[in-house]
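Take a look at the letters that make up each chain.
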Amino acid sequence: MKDDARLSEEETMLRSIEAMLPRFEKNRAQLIPILQAIQEEHQYLSREAMRLVADYLEISPSEVLGVATFYNQFRFHPPGRHQIKVCLGTACHVAGGDIILENFERKLGIREGETTPDREYSVERVACVGCCALAPVAVVDDKVIGHMQPSKIEGLFLQFDLQREQEKAREAGEEADAQAGS
Amino acid sequence: MHKLDPEKRLALLAEEARKRQAQASREDVPTLRIVMSTCGLAAGAAETRAAFEEALERRGLEARIVAVGCLGHCYAEPLVVIHHPASGFPPLCYYNIDPGKARMLVDSFLLDGDPALEYVLGAMVPNDLLPAVTDFPRFSMEQRVVMEHCGAIDPHSLDDYLALGGYGALATALGRSPGWVLDEVARSGLRGRGGAGFPTGRKWRLAAEAPADSKVVICNADEGDPGAYMDRTIMESNPHQLLEGMALCAYAVGAEEAIVYVRAEYPLAVRTIQRAIDDARKAGLLGERILGSDFSLHIRVFQGSGAFVCGEETALIQSIEGRRGMPQHRPPYPVEAGLWGRPTVVNNVKTLSTVPAILTRGAHWFRSIGTEKSPGTAIFSVVGNVTHAGLVEIPMGTTLRTLIFDVCGGIPKKKAFKAVQIGGPSGGCLSGDFLDTSIDFDSLTEAGAMMGSGGMVVMDEDSCMVDVARYFLDFTQNESCGKCTFCRIGTRHLLLILDRITKGEGREEDLELLDTLSRDIRDGSLCGLGKTAPNPVLTSLRYFRDEYEAHVREKRCPALKCRALTAFYIDLDKCARGCDACVGCCPVEAIFTTRGRKKAIDQELCVKCGECVTACPPEYDAVVRVSPAHLAPIIERPQPSEGRG
Amino acid sequence: MIALDVDGRTIQVEAGITVLEACLQNGIFIPNLCFVKTRKRPHASCRLCFVEIDGLDRPVPSCTQRVRDGMKVRTDTEPVRRLQRSAFKLLMSTHICTPRECPTQGRCQLIRTAKLLKVSLKPSPLERLERDVDPVVRLGPLVHYPYRCVLCGRCVHVCGEESGHGLLTFAKRGFNTVVATFVSEGEEGPCAECSACVGVCPTGALTLEAPETAESEEPGRAADSGG
Ligand SMILES: Cc1cc2nc3c(=O)[nH]c(=O)nc-3n(C[C@H](O)[C@H](O)[C@H](O)COP(=O)(O)O)c2cc1C
Ligand code: SF4
Ligand code: SF4
Ligand code: FES
Ligand code: FES
């Protein structure tokens, strides 16, 4: 049941990739821009997505694999709903960024580069987001948080939990409404 | 119209731009310039802007809000410059403006005319009423050539750039000849700001003379040093200056295609540059037959995808060609055979951004700044334990001492200076003995550091040099492309050795091994990444050997930084009975109550995050950190009386 | 034909070739792993082929230097040997040598290099490094032993540029770099007829034969990667 759902999810993704490929010239130099566009849209590169790109550019899929795995930017698994990036640039390191990362890892029970089994959170390390004067820095869902402290992490998750509760309540409400309406 | 020369055409454009500007800014309407570059946004500039807008609306006031780029004063973000002509005050620079202060300023200054001087950093221009920012060393000791207009102009406005005489150098050059540009740049003595300091004039001449039908100019904006962000700032704050520099380069060498290679992590810079390209093309300053001349140039943006090594020029070219970014053996150099085998000039953002000023004001003027062998200015992002962190542009030849202590305000919290790391992962750590070193390409290289990318991290007495070396090796080891033996495997060994030293598992022979292996990696690697990766190790071994020895022989970290070698404990004499301040802050619940109703730390559980140090009220100041770790007294947890176990 | 002086001996070679080729043609062995004649640009990644050339202040990889008439080359100086031994130790610190099972049957470039450099096959004083790889990996119909691979790239080159199949690639980066393919395990391809990669591998890291079963050297390692 769940596998089926994921399968069709992948199907939809592949159809949408096929639809966007003609936007790009059929030229080897477009490989990285194409991979970036796919990831931008779908958060990760699946094996079949790489095959589509190879077919489109008429290069070997092995080459696509080789290029994609070289660069940090590309992911091969869907990331969590909330993406946490901890800066370990020089200034953040000096200010104890590793302690921040460790606290996230401990809190979520995963290592950097991993996603929680419920696909809620993923944790990554990044090198300098360019806000060194605010070190240590974490980027949570594209919002830069300066002067991080382990104690701020607790609050962050409380907020997420609250959000989720609210969403659930809203969904339940909507469902009830829908039922009442029918 | 067709007979107009480029300079006349540009003069018309500039005049129109000034007219449009004059219409937009009315004397009676105040202007708010909010720094909205990446660092400003991280400090909350978007919230500040929203607060201004909302407060203005509520009060029914009219004001022009302009989002500007970075002033370089990152320690004071969010920064806002308010010009309120009706108040009689000159433009005032406000620092650390959060939404609350923003609302307050609307009421007090814009409504009542009281400028709330306590939040003012200074006036933007010298005047009789109050001190100007230019009176502070952080402003007055800088000399801005590249960053002159950063933070003053709206990066999204071509008009702003044109009104200041922008694209003037290009127009002049188009009226003369490529040879004039080549000569002038060569005479200026400009050296590449991307790290190695190669003479730009010579590079361009080689490309100009290379026989080929088509050539390429690439602006290297990969800025991979994990503690440097001046290239990003320049792109976000004054993109047209860079485009003009690229156009001048392309004209000089005979290229009709140019690419800006921007790091993936810089989305705002990408958007800003892309918009500038589009605007310039629409105005006829890029694209076909620029300003009516025979010269055409198409510039596009290529986004990197997260690989430090792609800052290396041959790897960068591989990556644009859609390959793994692995450096190639040189020669052939890119100027001979670069992108798609064509002659290619690769220059750094700062190098190219300097060129318009050189051509406008002359090579002679440029040579009057800086030193004989390194003319011009240097831009550093000074971060770490320094009071006024941010971007600084100073003349070459300034000493490190002046830069760190006078310009940037020295070390905060009354701590002592220990070292400065210059040049990022390829640079080195210099000790206090080198504070009088002049900042220029050759002096820094001689000292064992490197101009490199322009990252500068100031470290106080609490920084551990072994840990810093380990940090940089961890970085380069992660970023090695994996092609050549020395870098791929050698840096891994260096990292493992440093790792075990910081964990207290170092061996006596490790220091020797670090030294020889570092030299072999330096001499044997294929590209600059591997050749320079050992620099942080070699310099720290040379200047801070005693710290390595303390780690290895006594299992002691003199800076109390390496976590495996230190321990926290609570001084029972200082701990206040019944105080609970530290208990809740510990992320692993390692703090317990002793029989005497004081607190103690369970050394088994403690992860050494240091939170309790911050939590302990300063009047008790009872948490102590020691090294080696065994110096911490072991205190038994009292047996739980309610029989928990 | 031009003449160059190698270690005091004059050799005649055709113009345009590299110093490495010139020496190998004349029976002067210089350790090398990544050199392939058909590459347009030298890969220069193994860093074993160092020599000293008059006029250059430090050792250079001989595969990157074209011969010049009257060139003076020395293959046996102290700085050259130091770099070669260091590179060799580094390679051996990620290598597992199992001569009895190895398809090279002793005709391995690493063993030859060790003899020339008069060093053992052990990495000491360096430690052995663990890699995040399985001991045996199926690359389509090929069998690959990552712990024997020195990442010289010869196989990737011949598969892509010479045979035109493009089935082999490097994947990942840095210390984690591996030879890989997109072809799934067991999937047939042109490999059985081609096997060019197997022929150029300087070690025994690629074969078309069934995985070796004897694991005397590495107890505890499953011969079958199991995915
Ligand atoms: C590992 C490595 C990283 C580099 N990163 C950069 C970079 O981020 N930006 C840059 O301009 N140059 C970088 N360089 C230097 C470039 O290879 C090249 O020399 C430079 O872009 C030339 O420009 P310039 O002459 O204006 O300095 C790097 C070099 C190496 C070896
Ligand atoms: S020195 Fe490092 S980054 Fe450069 S080619 Fe060798 S492995 Fe790659
Ligand atoms: S498998 Fe052989 S030929 Fe291929 S990279 Fe490894 S050692 Fe070289
Ligand atoms: S080091 Fe973290 S933002 Fe620069
Ligand atoms: S053969 Fe010259 S470096 Fe490998």
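Conventions used here
- Counting restarts for each chain: residues are numbered from 1 in the order of the written sequence.
- Chains and ligands are labelled by the order in which they are written, letters from A for the one and numbers from 1 for the other.
- Totals for whole chains, interfaces and linings use every residue, but because this is a predicted model, local features are given only for residues with pLDDT of at least 70 and side-chain atom pairs only at 80 or more, for both listing and counting.
- Computation of side-chain values covers all heavy atoms of the structure but excludes hydrogens and water.
- UniProt positions are given in the numbering used here, feature names are shortened, and annotations may be inferred rather than shown by experiment.
- Only heavy atoms are used to decide nearness, and a residue is near a molecule or strand if one of them lies within 4 Å of it.
- Note that Gly is not counted as nonpolar here; it falls among the polar residues with everything else outside the nonpolar set of Ala, Val, Leu, Ile, Met, Phe, Trp, Tyr, Cys and Pro and the charged set of Asp, Glu, Lys and Arg.
- It only takes one pair of heavy atoms within 4.5 Å for two residues to be counted as in contact.
- Once two parts are brought into contact, the accessible area they lose, counted with a 1.4 Å probe and summed over both, makes up the buried area.
- Any N or O atom pair separated by 3.5 Å or less is treated as a polar contact, with the protein-specific requirement of one donor-capable and one acceptor-capable atom, and with residues adjacent in sequence counted only for side-chain atom pairs.
- Numbering of helices and strands runs from the N terminus, with a helix taken as a DSSP run of H or I at least four residues long and a strand as a DSSP run of E at least two residues long.
- The cut-offs for exposure are 20% and 50% of the maximum accessible area for each residue type, with area from a 1.4 Å probe on protein chains only; residues under the lower value are buried, those over the upper are exposed, and the others partly exposed.
- Counted as positive: Lys and Arg. Counted as negative: Asp and Glu. His and the chain ends are not counted at all.
- The term salt bridge refers to a side-chain nitrogen of Lys or Arg lying within 4 Å of a carboxyl oxygen of Asp or Glu.
- Delimitation of the domains relies on an automatic or database domain assignment.
- Axes here mean lines fitted to C-alpha atoms, for a helix over just the part in contact, with angles spanning 0 to 180 degrees between N-to-C directions.
- By definition in this entry, angles of less than 35 degrees are roughly parallel, angles greater than 145 are roughly antiparallel, angles of 65 to 115 are roughly perpendicular, and the rest are oblique.
- In this description, accessible areas are obtained by the Shrake-Rupley approach with a 1.4 Å probe, and a residue is regarded as covered only by the protein chains that are shown.
- Any two cysteine sulfur atoms within 2.5 Å of one another count as a disulfide.
- DSSP-based pairing: two strands are paired if at least 2 bridges between them are found.
- Here, patches come from residues exposed beyond 30% relative accessible area and free of salt bridges, joined within 9 Å for like charges and within 5 Å for nonpolar side chains (Val, Leu, Ile, Met, Phe, Trp, Tyr).
- Every charge is mapped to an atom, namely NZ of Lys, CZ of Arg, CG of Asp or CD of Glu.

Named according to an unreviewed UniProt entry, chain B is NADH-quinone oxidoreductase subunit F originating from Desulfacinum infernum DSM 9756. On record in UniProt, under Sequence similarities (unreviewed entry), the comment for chain B is "Belongs to the complex I 51 kDa subunit family."

Going by an unreviewed UniProt entry, chain A carries the name NADH-quinone oxidoreductase subunit E and comes from Desulfacinum infernum DSM 9756. For the record of chain A, the UniProt heading Sequence similarities (unreviewed entry) holds the text "Belongs to the complex I 24 kDa subunit family."

### Things to note about the site of ligand 2
Residues in close proximity to ligand 2 total 13 residues, the closest being C481, C484, C487, C527 and G530 of chain B. Looking at the shell around ligand 2 residue by residue, the class counts come to eight nonpolar, four polar and one charged.

### Thoughts on the interface of chain C and chain A
Interfaces are frequently sized by the accessible area removed from exposure as the parts join. Chain C puts twelve residues into the contact, and the matching count from chain A is twelve residues. Counting the surface lost from both chain C and chain A, the interface buries some 1000 Å², and carbon and sulfur atoms represent 56% of this. Joining chain C to chain A, the criterion identifies eight residue pairs in polar contact (both at pLDDT 80 or more). Sorting the residues of the side of chain C that touches chain A by element identifies β8 (168-171) and β9 (178-181) of chain C as the ones contributing at least two each. Looking at which element gives the most residues to the side of chain C that touches chain A, the answer is β8 of chain C, with three residues. Among the residues making up the side of chain C that touches chain A, the classes are represented as five nonpolar, five polar and two charged.

### With respect to the side chain of H82 of chain A
Position of H82 of chain A relative to the elements: it lies in strand β1 (residues 82-87). Judged by its relative accessible area of 8%, H82 of chain A falls in the buried class.

### Observations regarding the side chain of D440 of chain B
Residue and element names in this part refer to chain B. Structurally, the position occupied by D440 is in the loop between β13 (428-431) and α17 (441-447). Here D440 occupies a buried position and makes no salt bridge, while the nearest side chain of opposite charge, R191, is found at 6.4 Å. In terms of polar contacts, D440 uses its side chain to reach the backbone amide nitrogen of S443, at 2.8 Å. Filtering out sequence-adjacent residues up to four positions away, D440 remains in contact with T371, S374, M396 and M451.

### Describing the domain arrangement of chain A
According to the domain assignment, chain A contains domain 1 (2-70) and domain 2 (82-178). Computed from C-alpha atoms alone, the centre-to-centre distance between domain 1 of chain A and domain 2 of chain A is 28 Å.

### Focus: the packing of helix α19 (residues 485-502) of chain B against helix α23 (residues 545-553) of chain B
Residues and elements named next belong to chain B. Running from N to C, α19 and α23 cross one another at 65°; their axes reach a closest spacing of 8 Å. When the interaxial angle is binned, α19 and α23 end up roughly perpendicular. Contacts between α19 and α23 involve L498, I501 and T502 from the first element and Y548, H551 and V552 from the second. Grouping the constituent residues of the contact of α19 with α23 by class yields four nonpolar, two polar and no charged.

### What about the site of ligand 1?
Residue and element names in this part refer to chain B. In the vicinity of ligand 1 lie 18 residues, with G194, K203, N347, N348 and T351 positioned nearest. Interatomic distance of 3.4 Å between a backbone N/O atom of R193 and an oxygen atom of ligand 1. Within the side chain of T351, an N or O atom sits 2.7 Å from an oxygen atom of ligand 1. Surface burial for ligand 1 is 87%, taken as the share of its 620 Å² of free accessible area covered by protein chains.

### Focus: the state of the cysteines
Scanning all chains against the criterion turns up zero disulfides over all chains. Free of any disulfide, C579 of chain B has its nearest cysteine sulfur in C582 of chain B, 6.3 Å distant.

### With respect to the sheet that holds strand β4 (residues 143-145) of chain A
All names here are of chain A. Taken together, the four strands give an open sheet; going across it, the order is β2-β1-β3-β4, and neighbouring strands pair in mixed fashion. At either margin of the open sheet sits one strand with a lone partner, and together these are β2 (121-126) and β4. Strand-to-strand twist across the sheet, computed as the mean angle between neighbouring axes with direction ignored, equals 20°. With three bridges connecting them, strand β3 (residues 138-140) and β4 associate as antiparallel partners.

### Quick word on the UniProt feature "binding site: [2Fe-2S] cluster" (unreviewed entry) in chain A
In the numbering used here, UniProt assigns the "binding site: [2Fe-2S] cluster" (unreviewed entry) feature to C87, C92, C128 and C132 of chain A. The greatest C-alpha distance among the residues just named is 9.4 Å, despite their covering 46 residues of sequence, which places them together in space. Setting aside anything within four residues of it in sequence, one finds C92 of chain A in contact with C87, G97, A135, P136 and V137 of chain A. Structurally, the position occupied by C132 of chain A is in the loop between β2 and β3. Residue classification places C132 of chain A among the buried residues on the basis of a relative accessible area of 7%. When neighbours within four sequence positions are excluded, C132 of chain A is seen to be in contact with A91 of chain A together with G227, Y229 and V383 of chain B.

### Structural notes on a negative patch on the surface
Together, E171, E174, E175 and D177 of chain A give the surface a local cluster of negative charge. Position of E175 of chain A relative to the elements: it lies in helix α7 (residues 150-181).

### Overview of the sheet that holds strand β10 (residues 206-207) of chain C
Residue and element names in this part refer to chain C. Read from one edge of the open sheet, three strands run β6-β7-β10, paired in antiparallel fashion. Edge positions in the sheet fall to β6 (137-139) and β10, since each of these pairs with one other strand and no more. Two elements, β6 and strand β7 (residues 142-144), share three bridges in a ladder whose sense is antiparallel. Its bridge partner lying in β7, R138 is registered against V143.

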